[in-house]
Each structure stands twice: as C-alpha cells, then as structure tokens.
Amino acid sequence: MRNETLAESGHSGEVKRGQVILVAYLTAALDLTFLFMQFGIIPYLAKNLGLDSVGFGYLQTTFGVLQLVGGYIFGRFADQFGARAALILSGASGSVFFLLMSLSTSIPLLFLSRLPGVFMHGIPGAQKLITDMTTPSQRADALGKLGLCFGIGMIVGSALGGVLSTKFGIFVPAYVGLVGSLINTLIAVVWIPSQTKPKLNQHVTEHSTSQSGSLFSIREILRLMKFPGVMEVFIVKVLAGLPIGLFMIMFSIISMDFFGLEAVESGYLMSYFGVLQMVVQGLVVGKLTNHCTEMTLLKLSVFVFAGVGLGMALMRTVWHYCIIAVPLVFAFSMLATITDSILTKAVPSSDTGAMLGICASVQPLTRTVGPTIGGVLYKQFGVSSFGYLQLVVNIGLFVYLLKTKISLRETKS
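- Going by what an unreviewed UniProt entry lists, the chain is known as Organic cation transporter-like protein 2 and is assigned to Manacus vitellinus.
- According to the UniProt record, the Function (unreviewed entry) comment for the chain is "May act as a transporter of organic cations based on a proton efflux antiport mechanism. May play a role in the transport of chloroquine and quinidine-related compounds in kidney. Plays a role in the regulation of lipid metabolism."
- Recorded in UniProt for the chain, the comment headed Subcellular location (unreviewed entry) runs: "Apical cell membrane".

## A few points about the overall build of the chain
- Looking only at helices and strands, one finds 18 helices and zero strands in the chain.
- Across the 413 residues in the chain, those meeting the buried criterion constitute 54%.
- At a minimum sequence separation of 6, the contacts of the chain that also span at least 24 residues come to 84%.

## Considerations on the pattern of salt bridges
- Applying the stated criterion across every chain yields a total of seven salt bridges.
- For the salt bridge of Asp-79 with Lys-128, the shortest nitrogen-to-oxygen distance reads 3.1 Å. Taken together, the residues Asp-79 in helix 2 (residues 53-81) and Lys-128 in helix 5 (residues 122-133) connect sequence positions 49 residues apart.
- Judged by relative accessible area, Lys-128 falls into the buried class, the value being 1%.
- Notably, a salt bridge pairs Lys-128 with Asp-132, separated by 3.4 Å at the nearest N-O pair. You can see Lys-128 and its partner Asp-132 sitting in helix 5, four residues apart, about one turn around the helix. For the pair Lys-128 and Asp-132, one class covers both residues: buried.
- Among the ionic contacts, a cluster of salt bridges with common partners joins Asp-79, Lys-128 and Asp-132.

## Some thoughts on the packing of helix 14 (residues 294-314) against helix 15 (residues 318-346)
- Packing of helix 14 against helix 15 leaves a shortest axis separation of 8 Å and a crossing angle of 150°. When the axis of helix 14 is compared with that of helix 15, the two are roughly antiparallel. The hand of the helix 14/helix 15 crossing is left-handed.

Reading the values: the criteria
Residues numbered from 1 in each chain as written. Predicted model: local features only at pLDDT ≥ 70, side-chain atom pairs only at ≥ 80, totals over all residues. Heavy atoms only, no water. UniProt positions renumbered as here; feature names shortened; annotations may be inferred. Helix = DSSP H or I, 4+ residues; strand = E, 2+ residues; numbered from the N terminus. Buried < 20%, exposed > 50% of the residue type's maximum accessible area, 1.4 Å probe, protein only. Contact = heavy atoms within 4.5 Å. Salt bridge = Lys/Arg side-chain N within 4 Å of Asp/Glu carboxyl O. Axes fitted to C-alpha atoms, helices over the stretch in contact; angles between N-to-C directions. Parallel < 35°, antiparallel > 145°, perpendicular 65-115°, else oblique. Left-handed = near helix turned anticlockwise from the far one by under 90°.

Here's what the structure looks like:
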C-alpha cells in the first residue's frame, strides 16, 4: 500500500507522478466502462420489472438528482481527505450500486440501487488526482487525455453490456460491474499515494481556503465563484453546452423517430462517437493546448459550437448528423477540458476538488431538467429547434467573450 507522499523532486519524482497519472487514467477507463455497461441494460431491466416509460423517466431523474447533489459533496470530500480517499469512496459506492442492481428483482429495489450513485464520481476523482499531480501548464493536456478513457468506456462498456446480457442474462453485467468496481477500489488503495498534493501548495494556500468543515455549504460555493473570472467562465461552460445536452438527452427518441434507426444502428452510432472522442481528446486537444492560450481555445470552442448549431438546424438525415458530429465532439471536448483547466487554476489548490465537483454537477443538472425542456422543444418545434437554440446561445456567448476581458488570477505556482 502506498502511504508515502510524492514529495520527491527530480527524475524519480517525475517518474512516480507519471505512474500515478497512468493509474488515474486506468481507474477512469474502468469506471466509465462499467457505467456505460449499465446504461445499456438498465432500460431492459426496468422493462422486465414492469416499469413504464414515465416510471423509467423518474428512475433516470432520481439518478441525475443524486449525482447533482453528490458532485459538490464528493469534491469537498476530496479536498479534505485527498484524491486517494475520494477514489476509494467512488469505487466502494460503485460496488454497492452494482450489488443492489444485481439484487433488483422489484421496482423498489431498482430505485434503491440508484442511491449509491450520490458518491459514484470516478471521473471527478481522476480529474482531482491529475490536477494534484500536474503543473498548471501541463493540466489541460493531461485532463484532455481523459477523453481517451471516455471513448474506451463508451465503446467497450456499451458492447460488453449488450453481449453479456444477451448471452448470459440481464443481471450478468451487474455481476461484472460489482467485481470490476471492487478491483477499481483495490487499485486506488494499492497504487495511489495517500498524499498527492505538493506540501508547498497546501502551506501557501492555507489561509485562503475554506474555514468550514461542512461537506456541503452554499456559502463555500459562492466563495469559490467570487474568485476572479470563475463565475464568468462557469456560466460559459453551463450555457454553451446546454442546448446540445438537451438534444443528447432526447437522442434515444430522436434516433428512432427522426432518423429511423434500429437499436443496433444506434449502438454503431454511439461507437462512432466513442472513436471521435478518443481521437479528439487524445490527439487534438493536447496539441492545441501547447500552441494556443486557454482563452483563445475557449472562444474557438464556443464559435465551433455556434456552427454546429447551424448544422443541426439544417440536418435532415443521419449522415448529416455523422458529419456534424466531428465539430460537435471537438467543441464539446475542448469546452469541457479548457473550462475545467481554467477553473482549477483560478481557485486555491485546496479547493480544486470542490471546483471539479461543481463542474461535474453540470451534466447531472442537464439530465435532471433536460427531459422536460427537451421534450417540450422536440414536441412543439422539432429537431431543428435544438440547433437554432445552440446557434443563438453560442453566438451570444462568443460576442460576450470578444467584448469582455475576463480577469483570471492563477492561484498556484
């Protein structure tokens, strides 16, 4: 068990830091694989238990609300107890999640299995670990490579869930997820040091960090938002991706009604997205962060998002969507990586976990309110409404970024 810190400097320290970052990528890839595996089978399990479409919507909303509430709490936990403890908590929660799911022989048990999701935050945990282990100049590239993990998880998890449930039974993916989550927990215990933050950073920022011991505090969230540039960048992060987030929530219905896809064809489309995600975040984002400033890349991602909105407003076939998917994945990946990097640099090092937790709450928030808003847009105005909304919102944000000089103060050395 690695109870030591990474206080060593020089070559050996760099090697150890590199090894720990690789462990972060491994745990993230495994976590996402199991998550996508259960995403694929949960509709069929719910249907087998007699849950109708409305009830399934409640089930998804329950999970979204739990993730929304737990994101910030998990981040605060990581700040107070370290990235290692946070990843152990996430892995243990995942183990309980899949255990309860494997025992879900009734609708109440299925809803109960969602409860551990409040602390299932493997990606924010990995982001926290990477943030602790990298310098500000390395951070965007290192965080961007998590996109490779996302792509692997999406492709392998979706395929594995389908194969296991079809050949061996609906509960087998839950058994695999249980064993895998236990392994992920063990990896965190054995391979991640108990102390990952540089001691110097902790000392320097000691007086600028939270004075509250509570894991959830509105006052602490507001305090973080008051750091220079944080509120402005966070608002851009939320608004720029909101319209496409609404579209993706409705995509299972759109793929059937608008594109006329079968389940297998939808699976191929998801795999295509996974490959694009791997290529963009693994190869493109890192190179651009080495040659452009983060604010330039933020403006670029918003501008590309506006173009994606125009394309979505005009698309008529699934082949149009496959073409639009290339800039869509680029803008989505760039926006997520750059805003996470900017925001973690703008707050003290002892608050990076809380900041990442707030960032991680954006997607659950979209999942919570998305079905209602997205359903109204789709029913009343059609698929093109998502594109027009994307276009208008991001043109407004692009003009705002051009006209406003956002003051960012990097608080870490």
